[in-house]
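Here are the chains, one letter per residue:
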Amino acid sequence: CPVLPELAEGDTKWRAEACRTDKWKQWLSEQMTSAKLAQDSTVYMSLRMDGRVRGSGKGCPPWDRLAVQLPPVSGMWSGIGDGFDGIVGDQ
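This section reports on the structure supplied with the text. All residue numbers here refer to positions counted from 1 along the written sequence of the relevant chain. Residues qualify for local features only when their pLDDT is at least 70, as the model is predicted, and side-chain atom pairs are given and counted only at 80 or more; totals for whole chains, interfaces and linings, by contrast, use all residues. As a rule here, side-chain values come from all non-hydrogen atoms in the structure, and water together with hydrogens is ignored.

## Structural notes on the overall build of the chain
Starting at the N terminus, helices and strands are each numbered in turn, a helix being any DSSP run of H or I of at least four residues and a strand any DSSP run of E of at least two. For the chain, the count of helices and strands is two helices and two strands. Walking the chain from its N terminus toward its C terminus, one meets helices and strands in the order α-β-β-α. Partly exposed residues are those whose accessible area sits between 20% and 50% of the maximum for their type, while under 20% is buried and over 50% is exposed, using a 1.4 Å probe and protein chains only. A buried classification covers 12% of the 91 residues belonging to the chain. Contact definition: two residues touch when any of their heavy atoms are within 4.5 Å. Considering only intrachain contacts with a sequence separation of at least 6, the fraction spanning at least 24 residues in the chain is 34%. Accessible surface area values rest on a Shrake-Rupley calculation with a 1.4 Å probe, where residue burial reflects the displayed protein chains alone. Of the accessible surface of the chain, which amounts to about 7500 Å², a share of 58% is contributed by carbon and sulfur atoms.

Laid out in structure tokens, this is it:
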């Protein structure tokens, strides 16, 4: 992972730091085994704002699709429904 500067007050809207990475690695390994993927395969997973898994796949993340599915985080649409962001699954 790249070394990132410490989070400043305004950064938390756009960046988070991983926690319990050992549990995530274990879960991801189990998912890869279940999907019959080699453990050295390149995979990704995306998370909802509340931390739930919203999608995953083999290869690099489809950044263009993920970016357009991001929910608003300010204004009149923030608050209600937080965590129920975007479209889940293949489209």
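## Details of the pairing of strand β2 (residues 53-58)
At least two DSSP bridges between two strands are needed for those strands to be called paired. In terms of strand pairing, strand β1 (residues 43-47) meets β2 through five bridges, oriented antiparallel. Pairing of serine 46 across the sheet is with glycine 55, part of β2. Counting the residues that bridge the hairpin from β1 to β2 gives five residues, and of these glycine 51 lies at a positive phi of roughly 100 degrees.

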